[in-house]
Amino acid sequence: MAYSFQTQITDPQHEISVFSTWPLAGAGKTASAILIKDGKCVSFGSKAVEKVSTLRSKDRREHIFLRHFKMALYAETNVNERTILRDEVSKKSILAVDVIRMCLVEVKNVFIEEANNKGYAIFDKHVLWVVTVPAIWKESAKKLMRLGAERAGLKNLRIVLEPEGASTWVLSLTDNRKADKLKLGDTFIVADCGGGTIDVTVHEVMSGTDSRVKEVVKASGGDWGSTVIDRAFYRMMDDVFGKEKMDGFRADMAQFAQLQDAWEKKKCSYDGTSDVLIYIASLKENAEKDIDKYNETHGTDLELDNNNLVLPPDTMQRLFSEAIGTTIAHLKSIISKGVQPACIMLVGNFANSQLLQDAARKAFQPSVRVVVPPFPGNCVVAGAVLYTCKPSVISERVTKFAYGVAVLSDYDESKGHVPEKKVLRDDKWKCEDVMSWIVKYGERIPHGKPFSESYYPVVKGQTSISFRIFSGIKENILFCTDRGCKQLGTIESPKADPTMLSDKG
């Protein structure tokens with residue numbers, strides 16, 4: 001969480017503050033976790049992780065504990081107000097929008113308390129709330145986040161794409177660091193490397209005086225964040241000790257939470273060269289035999305040292321390899337399409353990883369500089385605050401979808417019209433469900449540019465027009481019923497002039 005009490009920011013490094021006193025957590029962020037009972041939040045963030053570890057089995061079944069729940073919104077194909085999240089331990093479920101609401105209420109209360117402690121009397125109407133979302137999220141997931149925020153009381157709200165917030169922040173840093181300074185016309189890549197997703201944007205510097213940039217290619221990425229490393233680690237633990245034994249271990253929430261906490265700390269601080277010791281006293285029975293069998297099967301050198309499982313550097317590198325390898329491959333694919341960046345900036349908490357930094361420098365330097373700004377995990381939240389004060393810093397974007405309306409058009413087989421769409425209206429043959437695209441897929445859109453198009457009644461006596469709004473994920477979609485076309489909503493215009501007939505539909 002970051003904030004500023006200034007409405008005009010001229011010195012971002014001193015006028016934007018990152019909240020640094022999350023209970024049981026570090027600066028900027030707390031764990032994406034919440035503990036719920038009877039529809040109410042019991043604890044949030046790292047406190048929720050600690051609290052759930054203290055619950056007895058009977059009590060645990062009365063709670064819902066969710067962690068990394070934002071990834072569920074990314075993975076869900078059809079996110080909506082009825083989307084549910086499920087706790088696999090207690091088997092209880094809850095609406096995702098309610099989880100979002102409860103989490104944001106907690107964040108809101110923390111900020112208001114922080115402001116009051118600093119001598120500011122804060123009321124909701126005085127605050128412009130900013131919520132960040134991954135750029136690669138589906139529009140339906142972003143919509144659900146907005147709905148949850150509004151239900152949390154964040155009425156004066158802005159949604160900021162996380163890599164755009166990061167770009168805004170790193171630009172403010174490069175203005176003050178000659179070694180990293182970007183020149184007019186320079187292209188740069190920002191890879192927002194988080195726990196769940198990797199969000200990548202490509203921008204070109206348009207103005208050196210006010211740090212304005214334009215998007216070169218649409219945002220891209222995937223679910224290759226540091227949680228991929230977690231999954232690799234726990235798969236390895238299942239393979240070493242057996243899934244049945246590990247399932248029993250997971251059932252004891254206190255000891256499993258200790259393992260999770262220990263692994264998270266080791267993962268985040270790993271330097272790429274040293275052994276990592278994981279405390280496994282509860283798994284020690286037959287552990288030496290289990291480890292020897294695993295080593296023989298997988299050609300590894302795991303060891304048992306008293307109550308610790310010793311992971312040598314080659315094993316750690318293997319655990320990191322999928323997340324890092326996929327990220328590097330994606331960055332290479334962007335460059336292979338003609339992008340010529342002056343630098344690649346790694347931000348997000350995963351950017352703290354020495355292994356990721358080393359892999360990026362090995363892959364791209366010296367032809368492309370790899371830059372890791374100070375406190376990379378804070379870039380998104382601090383940049384989101386700065387971006388909200390200067391939204392025109394992103395002067396141009398590339399559309400991820402086409403947008404338009406479905407219309408009735410004069411039937412014309414040369415335009416691809418088909419008999420099953422042929423209808424008779426006022427003694428004229430028309431084609432229904434024809435898409436009239438207003439915004440094209442992949443079009444470059446300047447900040448604040450309005451779009452307009454004129455439509456008219458197509459039959460005599462028509463006193464209203466119904467506009468069905470659609471998005472498309474590719475070019476040249478002819479009908480709204482074609483694959484890749486999705487209806488977003490309907491607008492009713494009740495005051496159509498029945499004398500204004502036109503072939504436009």
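Structure report, in brief. Note that the structure is a prediction, hence the values are computed from the model and not measured.

## With respect to the overall build of the protein chain
Tallying secondary structure elements over the protein chain gives 14 helices and 24 strands in all. For the protein chain, the C-alpha atoms occupy an extent of roughly 90 × 55 × 55 Å along the three principal directions. Charged side chains in the protein chain number 69 positive and 65 negative. The centres of these two groups are separated by 4 Å.

## Details of the state of the cysteines
According to the stated counting rule, one finds zero disulfides in the structure shown. No disulfide involves cysteine 379; its nearest neighbouring cysteine sulfur is the one of cysteine 193, lying 11 Å away. Residue cysteine 379 is classed as buried on the basis of its relative accessible area, which comes to 0%. You can see cysteine 431 has no disulfide; the closest cysteine sulfur is in cysteine 480, sitting 10 Å from it.

## Describing the packing of aromatic side chains
Considering all chains together, one arrives at twelve aromatic pairs under this definition. Taken together through their ring pairs, the aromatic side chains of Tyr3, Phe5, Phe111, Tyr120 and Trp129 make up a single cluster. The lysine or arginine in question, lysine 422, covers the ring of tryptophan 429, its NZ or CZ lying 4.7 Å from the ring centre.

## Digging into the environment of asparagine 306
Structurally, the position occupied by asparagine 306 is in the loop between strand E14 (303-305) and strand E15 (308-311). A sequence separation of 22 residues divides asparagine 306 from lysine 284, and the C-alpha atoms of the two residues are 8.9 Å apart.

## Side note on helix H10 (residues 253-269)
If you check H10, its first and last C-alpha atoms are 24 Å apart, about what 17 residues at 1.5 Å a residue would give, namely 24 Å. Among the residues of H10, those classed as buried are Met253, Gln255, Phe256, Ala257, Leu259, Gln260, Trp263 and Lys267.

## Details of the packing of helix H8 (residues 227-241) against helix H9 (residues 243-251)
Running from amino to carboxyl end, H8 crosses H9 at an angle of 120 degrees, the nearest separation of the two axes being 6 Å. In this view, H8 runs oblique relative to H9, as classed from their interaxial angle. Of the residues in H9, those in contact with Tyr234, Met237, Asp238 and Phe241 of H8 are Lys243, Lys245, Met246 and Arg250. Class assignment for the residues of the contact of H8 with H9 results in four nonpolar, no polar and four charged.

## Some words on the pairing of strand E9 (residues 157-161)
Examined bridge by bridge, strand E8 (residues 129-133) and E9 share five bridges and lie parallel to one another. Pairing of valine 130 across the sheet is with arginine 158, part of E9.

## Concerning the side chain of lysine 267
Relative to the assigned elements, lysine 267 resides in helix H10. In this structure lysine 267 comes out as buried when scored by relative accessible area, which is 4%. Among residues more than four places away in sequence, those in contact with lysine 267 are Ser226, Ile229, Asp230 and Phe320.

## Considering helix H13 (residues 354-364)
Every buried residue belonging to H13 is among Leu355, Leu356, Gln357, Ala360 and Phe364, and all of these are buried. Buried residues along H13 sit in contact with strand E10 (187-193), helix H12 (313-336), strand E16 (343-347) and strand E17 (369-371). With a side-chain oxygen positioned 3.3 Å from the backbone nitrogen of leucine 355, the residue opening H13 is serine 353.

## Digging into the nonpolar core
By size, the foremost hydrophobic cluster in this structure holds 53 residues, and its most contacted members are Phe233, Met237, Leu311 and Leu346. Sort the elements by how many residues they give to this core and H8 lands first, with nine residues. Beyond its immediate stretch of four places on either side in the chain, leucine 311 contacts Phe233, Met236, Trp263, Ser274, Asp275, Val276, Ile278, Leu302, Met316 and Leu319. One finds Ile34, Leu73, Val97 and Met102 within the second-largest nonpolar core, a separate group that totals 40 residues.

About the cut-offs
Residues numbered from 1 in each chain as written. Predicted model: local features only at pLDDT ≥ 70, side-chain atom pairs only at ≥ 80, totals over all residues. Heavy atoms only, no water. Helix = DSSP H or I, 4+ residues; strand = E, 2+ residues; numbered from the N terminus. Lys, Arg positive; Asp, Glu negative; His and termini not counted. Charge placed at Lys NZ, Arg CZ, Asp CG, Glu CD. Disulfide = S-S within 2.5 Å. Buried < 20%, exposed > 50% of the residue type's maximum accessible area, 1.4 Å probe, protein only. Phe/Tyr/Trp six-rings, centres within 6.5 Å; stacked < 30°, edge-to-face > 60°. Lys NZ or Arg CZ within 6 Å of the ring centre and 35° of its normal. Expected span 1.5 Å × (residues − 1). Axes fitted to C-alpha atoms, helices over the stretch in contact; angles between N-to-C directions. Parallel < 35°, antiparallel > 145°, perpendicular 65-115°, else oblique. Contact = heavy atoms within 4.5 Å. Nonpolar A, V, L, I, M, F, W, Y, C, P; charged D, E, K, R; others polar. Pairing = 2+ DSSP bridges. Polar contact = N/O pair within 3.5 Å; in protein donor to acceptor, adjacent residues only side chain to side chain. Core = buried A, V, L, I, M, F, W, Y, C linked by side-chain atoms within 4.5 Å.

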